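Observations on the model geometry
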Amino acid sequence: MDHTFDAPPADRELLHFAVDLAARAGQMSARGFFGEWGSRRKDDGSEVTEIDLAVEELVRSELARHVPEDGVYGEEMGATAGMSGRRWIIDPINGTTSFTRRWPVFSNDIAYEDEYGPAIGVINLPMSRQMVAAGRGLGCWVLTGENPDPASGHRSRVTGRTSTRGARTQALNPAGWPEELLTALHREVFLMASMGCVVDLVTGRADAVVVAGPPMGYEDVAPLPVIVAEAGGRVTDLGGGSVLEGDMTVLATNGLLHDAVLDLVKDLPRSRDLRALDDGV
C-alpha cells in the first residue's frame, strides 16, 4: 500500500524521533566517511562497510529502546519481527558505492509503516547537512544542519512545471540503463546526473527523478511515497504501478508531468547487464 490521504495523520512525536535518528545516523556516517574502515562484497555483489553495519546497529538499538513492540527491517541485518503490526525500515547508507569511493553523495534513509501504510519518511544527506522529513498528513519539511530542529524547518513543495520539454530530470544509476531508455528521455527532457535525487525533487531543484538499472531494494523506496506525496508530487514505478510493490524502478515527479513521462518510457527495457563492464573496482 502506498501513501493515502484518507488515513489519520502520523504521530508528530514519532516524526521528530525519526528526524533525530536520521541525524545521529548522519553524524556517524559523516565521521566514517573521513576515517578508515573495512568493506566486503555481499552475496548479491553489492558492497557493505563497517560503517553501514555500525549505523544500522545504532538505529536498531534506539528503536529497541523507544518502540520495542515495532518490527524492523534493515538492509544489512534483515527483518526483526514485532508485535504491534507497525514497522521501521532502515537503509543505513543509501549509496554505499559512493561512500566507499569517497564521493559525498549518499544518504541515511528511515521509513515507518503503520496499519494504514507509509506514515513517515526521512532522507538525510549528511555531507550537505540537508534532510527532508515527511509525515502522513503533516507535510514534507526541509531541515538543515548537523543536528536539525524539526521546528526550524520550512515546508517543501515540488515545482509547477507542466511541459516535459526540457524538464529537469535526474537520472540515478544511468550506467545500468539500456540505450532505449536513455535515448527516449534524452530526446525530450533535460537529463541530469542525480545528486540529491528525491531531495532535489521535493525542494524544487528537479522536476522529475528516474531510477532504473539494477533493481533497488525495498529499503531504498520505502521513504518515497510519503515524502513525495506530502510535497505535492507523485511516485510510481516506471510502469505506473505501486513503487513499493512494483519492479523497484522509480519515477518521481511533480505530479503534473507524471503521465507524460510514463508515456515516454512505456514498454521500454529498464535495465542492462552490467557484468561485462564490472572490473571489480
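What comes next concerns the included structure.

About the criteria used
Numbering of residues begins from 1 in every chain and follows the order in which that chain's sequence is written. Residue-level local features of this predicted model are given only where pLDDT is at least 70; pairs of side-chain atoms are given and counted only at 80 or more, and the full residue set underlies all totals for whole chains, interfaces and linings. Excluded from the side-chain calculations are hydrogens and water; all other atoms, namely the structure's heavy atoms, are used. Strands pair, by our definition, only if DSSP identifies at least two bridges between them. The secondary structure listing takes helices from DSSP runs of H or I that are at least 4 residues long and strands from runs of E that are at least 2 residues long, numbered from the N terminus. Axis lines are fitted to C-alpha atoms, over the contacting stretch for helices. Their N-to-C directions set the angle, which ranges from 0 to 180 degrees. Contacts: residue pairs with any heavy atoms within 4.5 Å of one another.

1. Regarding the sheet that holds strand S11 (residues 168-172)
The strand order across the open sheet formed by 5 strands is S12-S11-S13-S15-S14, and the pairing between neighbours is mixed. In this open sheet, the two edge strands, each paired with only one partner strand, are strand S12 (190-193) and strand S14 (234-236). Going across the sheet, the axis of each strand differs from the next one's by a mean of 20°, ignoring polarity. In the sheet, S11 pairs with S12 via 4 bridges, with the strands oriented parallel. Note on S12: the bridge partner recorded for glutamine 170 is methionine 192. Against the sheet, helix H8 (residues 258-265) contacts S14 and strand S15 (250-253), and its axis sits at roughly 25° relative to S14.

2. Structural notes on the sheet that holds strand S10 (residues 154-155)
Pairing in this open sheet of 8 strands is mixed, and the strands run S4-S3-S5-S6-S7-S8-S9-S10 from one edge to the other. On the outer flanks of this sheet lie strand S4 (78-80) and S10, each paired with one strand and no other. In the sheet, strand S3 (residues 71-74) pairs with strand S5 (residues 87-94) via 4 bridges, with the strands oriented parallel. If you follow glycine 71 over to S5, its bridge partner there is arginine 87. Here helix H1 (residues 12-33) sits on the sheet in contact with S5, strand S6 (107-114), strand S7 (117-125), strand S8 (130-135) and strand S9 (139-144), set at roughly 30° to S7.

3. Details of the pairing of S9
With 6 bridges connecting them, S8 and S9 associate as antiparallel partners. When the bridges of S9 are listed, alanine 134 appears paired with cysteine 140. Hairpin connection of S8 to S9: 3 residues between the antiparallel strands, including glycine 137 at a positive phi of 80°. Across 2 bridges, S9 lies against S10 in antiparallel orientation.

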